[in-house]
Amino acid sequence: MYYSMDNPMWQRLIIITVFFLLSGVHTLKAQENPVAELITADKSVCESGNIEVKIRFYGTGPFNAEILYTNGNNELIERGWISISGIYEQDLVDGVYTLSRSFDRISHSNKVNIRIVAARNSSYPSPSFSTNVTGTAILTIDETPVPNAGVDQTVCGFSANLLASPSSLSNTYNWSVPAGLTFSDSNDPNATITASIAGSFTLRFIQTNGACESHDDVTINFNGSPAATISTSSEICREGMAEINIVLEGFGPWNVVYTDGTSNFPLTNQANSNINIPRNVIGQTTFTLVSVSDNNNCEAPSERMHGTATVVNLKPEANAGIDMHACGLSHTLNAEAPSTGNGTWKSTNALVQFASAGLPNSTVTVPGSGFHTFTWEVNNNGCIESDQVTIQFVDEPDLHATLSTSQICEGNSAILNISTNSQHAPWIIRLENNSSFEEINTATPNQAKTLSPLATTTYALTKITDKFGCNTSFDNLTFLLSVDKMPAPNAGADQQICGIQATLAASTPLNAGIWTIQSGDSDTDQFSDATSPLSTFTVNNILGHQAITLRWTETNGLCTAFDETTITFYQSPLQTDADAGSDMELYHKFSEYLNAKEPSFGQGQWTVISGNGSVVNANDAQSLVENLTFGTTTLRWSLTNGNCPTVSDEITIVVKGLKHPTGFSPNNDGTNDTFTILGASSIRNNELIVFNQAGEVVYKTRDFDNWDGNDLNNRPVPDGYYYFIFQGDGITPIKDFLVIKRSLR
């Protein structure tokens, strides 16, 4: 038995049960199994249906249970809480109690969740319930889809695109496939279908949504498409009447358009399915179908328009070949072999002979050179066509040649004079030698070819070819050109000799060689053996040095060559030729001109051996030496001449400080008449001041050189003791006593 929500007793029971369930104020007894288990399987129904709620109870009765029904949002539906009670073992089948319940989509949503929320058996005295229950079930109530198979269609041809629209409720749909149709995809609402024959077909579009299934039908009428075949068996000779045959299929009458590739020819409202059309044709012509439509206004696709109608032109093709020239009086003709019919060569000249007049490549022989015309005639079942070819027969060219000389020296040339009597310029003349060949292109019948071989060579004129390609080969125009090897003399390296004799070192000649003097005294200078490359050469006299050029000339047959060498002979200097001059003593002077002996030959050079000093021009015998310092500097004057031994001489220069006497006697006796300070002239801005014993200035001068003992008024100062100061740039002033005494004579 069950209770509904409308029963006041049930309402009170719910309140009590919820109270116990929420407060937990009920007695639980430990058991191994739940009190109740919902074992109903999930189920789907379409729009409405029943579900059997199956509950397995454990323990002993009586049994009670509270069942909850909620929608997809877990909300109670109408009559959503059911209580069953008073269930005993005899009410169970295999321990299971079954309760049937009806639902529909409109009243109960599209999803019902079923579960037991509480139960009790004899172990739970009223009003206690246990929540030790398990199991849930889901009832899905599916909506019926409404598919649309699309509109009925009537189509030309044998294929159509379906236009079905499925309901948005599901993506599960398909077409039923009737016999005689094929589908591109039976699951595609817009599939392409193809019929094997014309006719009407009804198709069903089926859609399912869960437990619901519905369908819609559509009718497709295939009118098919017409077909046509065009053909002919007509033949003409250049021009004539031909018959074109067209066979039609489908529903007539038909409209047909055919073409010859240039113009279209329409045929309208043709009721006869076999049409024969007469037409005047010029030349071989092929007709094809352009379009065919039937009584249903269906057009034939290209694959259903078959055949071609080719009217065969029996006119043969005659091609005698191209005009050309031929070398000699015979030529192989080159007509094109006819694809139909038979060809024959003909000539208006009775002296012309064809080896095989019926062959396109027959050989023809003419009586003389010049232009000859031949006809190639092709006959195809009485339809005749011809073509002509003109051949210029050309005499073969000749060739003549002479060689200007049979022997040359290496590096020289010979002239090969070539001539021909042929009239057909330009020509190509093939000239071969020992290992290669050359083609001489010339437009003149007389040709001078320069030959410059490096070694003895055999030349042969082997062929001449004229502008038409006519050629003549030769084996008797052969010329031997001997080449004497050019010597490569080497007179030897230039030499420098200290003395009057040199040993020469020329190369060994191929044949013969000789020495000659190009510069020098050929009357007195001499070779030990002028024909020997290793001859000695002696000069008569040397003044300092002398360069003599000698030539070594070699001869080999017609060839002569020479090379020159220069021998420089040097006079050896003596020790007496090197004179560095006298030693020097300088006072506060740091530069001086040297005074070596100028050499009469060779070259001199100053070298600082010790001390300090710089020679301005080391090769000048009277060069200035500067940058001297106090002390001794040693310089060497060396004399060299070519590769002869060097001779030298040395001097010393001693630089001292300022030096002055302590007195002088200005009595004009020529001795000590003036007071001088050695080195004073090298002091810039110098000044001499002389004082008497009273401290008075008796003499004073700048740029001091010497003092003659006269005072500032040019009067002789008295004998006695004086004091002087000498000063200037770069020195410490000199202060000293000076005695003047004139009576020393």
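See above for the structure.
This structure is a prediction, so every number in the text was calculated from the model and none was measured.

A. Geometry of unusual backbone geometry. Each neighbour pair has its own omega, and for Gly-61 with Pro-62 the value is 10 degrees, a cis peptide bond. Checked against the element boundaries, Pro-62 lands in the loop between strand 4 (48-57) and strand 5 (63-70). With omega at 0 degrees, the peptide bond leading from Ala-425 into Pro-426 counts as cis. Relative to the helices and strands, Pro-426 is located in the loop between strand 36 (414-419) and strand 37 (427-432). Notably, Asn-685 is not glycine yet its phi reads approximately 55 degrees, a positive angle. If you trace the backbone, Asn-685 turns up in the loop between strand 58 (675-676) and strand 59 (687-691). Residue class for Asn-685 comes out partly exposed when judged on its relative accessible area of 48%.

B. Region of the structure containing the state of the cysteines. Scanning the entire structure with this criterion turns up six disulfides. Covalent S-S linkage joins Cys-498 and Cys-644, the inter-sulfur distance amounting to 1.9 Å. With the S-S dihedral at roughly 115 degrees, the linkage between Cys-498 and Cys-644 falls on the right-handed side. In this pair, Cys-498 sits in strand 43 (residues 495-498) while Cys-644 sits in the loop between strand 55 (631-640) and strand 56 (647-656), placing the two residues 146 residues apart along the sequence. Relative accessible area serves as the criterion here: at 5%, Cys-644 is assigned to the buried category. The connectivity of the disulfide bonds within the protein chain can be written as 1-3, 2-5, 4-7, 6-9, 8-11, 10-12, using the sequence rank of each bonded cysteine.

C. A look at the sheet that holds strand 32 (residues 370-380). The mixed open sheet is built from four strands, whose spatial order is 27-33-32-29. Edge positions in the sheet fall to strand 27 (324-327) and strand 29 (342-346), since each of these pairs with one other strand and no more. Strand after strand, the sheet turns through a mean of 30 degrees between neighbouring axes, direction not considered. Relative to strand 33 (residues 383-394), strand 27 runs parallel, the two sharing four bridges. In the sheet register, Met-324 faces strand 33, and the bridge partner there is Ile-391.

What counts and how
- Residues numbered from 1 in each chain as written.
- Predicted model: local features only at pLDDT ≥ 70, side-chain atom pairs only at ≥ 80, totals over all residues.
- Heavy atoms only, no water.
- Helix = DSSP H or I, 4+ residues; strand = E, 2+ residues; numbered from the N terminus.
- Buried < 20%, exposed > 50% of the residue type's maximum accessible area, 1.4 Å probe, protein only.
- Disulfide = S-S within 2.5 Å.
- Pairing = 2+ DSSP bridges.
- Axes fitted to C-alpha atoms, helices over the stretch in contact; angles between N-to-C directions.

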